[in-house]
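As a plain string of letters, each chain reads:
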Amino acid sequence: MTRFLHQLFDFILRTPIIFWICVIANLIGAVWGAAVWYGPMLAASPLWAWLFIPDCPLAAFLGTIALFGMRAGRRWSFFYALTAFACIHYGIWTLAFWLRQWTGAGVIDPFEVVLFVTHIGLLCEGILFATRLDEVTVLQRVAVVGWFVLAFGVDYGLGYHPPLASHVTFDFIMWLTVALTGGLSIALLALPRRAAQPVRLPTAA
């Protein structure tokens, strides 16, 4: 499976039309999510909190940078680990969020389905990034975990968590975040170090 994911990711990075579709999709998600979904919250929050508020848009933006970095063969181990963690974390989080909402409400809005599908893409992107985590040091891993623990504290300790839906409670998203942060942190800390390095890929447009 890992070999297949490596080959799939190589194909995406080497195929200009697919690569640029991924980049554009990420950028649209980042801009739209920050402006529309999180816009009112950002407008009512202090500037220092902005880095912690738009979770999924930030993950999509990091994913855009990571795509360019991996295509160019850059060895940004810490950045790739942070991006993989964010994409997987917020991808799963959003899928669980909408499943909970639909189960409680008994109604599925088409717009919510679009959000659900796009976050499946974010999750898949994170998994592909995770296959390229080479030589991530223990200190880098701890720093990534520390960032998400800090983000948890800001969201649920200071009240800057994502907006709720009618059937999604604060307790549900808080414990969901605890489970995801804890599980992914253990997985990252236990990930074996590998010597394989990204290979510079052709950048033909």
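Read on for a plain summary of the structure. (Residues numbered from 1 in each chain as written. Predicted model: local features only at pLDDT ≥ 70, side-chain atom pairs only at ≥ 80, totals over all residues. Heavy atoms only, no water.)

Digging into helix H5 (residues 77–105)
No. 1: In a regular helix each residue adds 1.5 Å, so 29 residues correspond to 42 Å; H5 covers 42 Å between its end C-alpha atoms and thus fits that length.
No. 2: Here H5 lies mainly inside the structure; 22 of its 29 residues are buried.
No. 3: Looking one or two residues beyond H5, the residue adopting positive phi is Gly106, at roughly 75 degrees. (Helix = DSSP H or I, 4+ residues; strand = E, 2+ residues; numbered from the N terminus. Expected span 1.5 Å × (residues − 1). Buried < 20%, exposed > 50% of the residue type's maximum accessible area, 1.4 Å probe, protein only.)

Side note on the packing of H5 against helix H8 (residues 170–190)
No. 1: For the pair H5 and H8, interaxial distance at closest approach is 10 Å and the crossing angle is 145 degrees. Regarding H5 and H8, the two cross each other, and that crossing is right-handed. Note on element contacts: H8 touches H5 through Phe172, Ile173, Leu176, Thr177, Leu180, Thr181, Leu184, Ser185 and Leu188, opposite Ala81, Phe85, Ile88, His89, Ile92, Trp93, Ala96, Phe97 and Arg100.
No. 2: The class makeup of the residues in the contact of H5 with H8 is 13 nonpolar, 4 polar and 1 charged. (Axes fitted to C-alpha atoms, helices over the stretch in contact; angles between N-to-C directions. Left-handed = near helix turned anticlockwise from the far one by under 90°. Contact = heavy atoms within 4.5 Å. Nonpolar A, V, L, I, M, F, W, Y, C, P; charged D, E, K, R; others polar.)

Brief notes about the packing of aromatic side chains
No. 1: Going through the model one piece at a time under the given rule, you end up with 18 aromatic pairs.
No. 2: Relative to Trp147, the ring of Phe52 lies with its centre 5.0 Å away and its plane at 20 degrees, an arrangement referred to as stacked. Placement of the pair is Phe52 in the loop between helix H3 (39–43) and helix H4 (55–71) and Trp147 in helix H7 (residues 138–157), with a sequence separation of 95 residues.
No. 3: A centroid spacing of 6.0 Å and a plane angle of 35 degrees characterise the contact between Trp76 and Tyr80, whose relative ring orientation is tilted. (Phe/Tyr/Trp six-rings, centres within 6.5 Å; stacked < 30°, edge-to-face > 60°.)

A few points about the environment of Pro40
No. 1: Its location among the elements puts Pro40 in helix H3.
No. 2: Taking C-alpha positions, Pro40 is 31 Å from Phe129, a pair spaced 89 residues apart along the chain.

Considering the pattern of salt bridges
No. 1: Throughout the structure, instances matching the rule amount to 1 salt bridge.
No. 2: Taking the shortest distance from any N to any O, the salt bridge between Asp10 and Arg132 comes out at 2.6 Å. Linking Asp10 in helix H1 (residues 2–14) with Arg132 in the loop between helix H6 (110–130) and H7, this pair joins segments that are 122 residues apart in sequence.
No. 3: Exposure remark for Asp10: the relative accessible area of 25% places this residue in the partly exposed category.
No. 4: Residue classification places Arg132 among the buried positions, given a relative accessible area of 10%. (Salt bridge = Lys/Arg side-chain N within 4 Å of Asp/Glu carboxyl O.)

A word on the nonpolar core
No. 1: Of all hydrophobic cores here, the largest spans 49 residues; its most connected members are Phe9 and Phe129.
No. 2: Of all the secondary-structure elements, those providing two or more residues to this core are H1, helix H2 (16–37), H4, H5, H6, H7 and H8.
No. 3: Here the element with the most residues in this core is H5; it accounts for 16 residues.
No. 4: If near-sequence neighbours (up to four positions away) are discounted, Phe129 is found in contact with Phe9, Gly63, Ala66, Leu67, Met70, Thr83, Ala84 and Cys87.
No. 5: Core analysis: the next-biggest nonpolar cluster, separate from the first, contains 9 residues, Tyr38, Met41, Ala49 and Ile53 among them. (Core = buried A, V, L, I, M, F, W, Y, C linked by side-chain atoms within 4.5 Å.)

Notes on the environment of Thr169
No. 1: Looking at where Thr169 falls in the secondary structure, it is placed in the loop between H7 and H8.
No. 2: For the pair Thr169 and Arg100, spaced 69 residues apart in the sequence, the C-alpha separation amounts to 9.4 Å.

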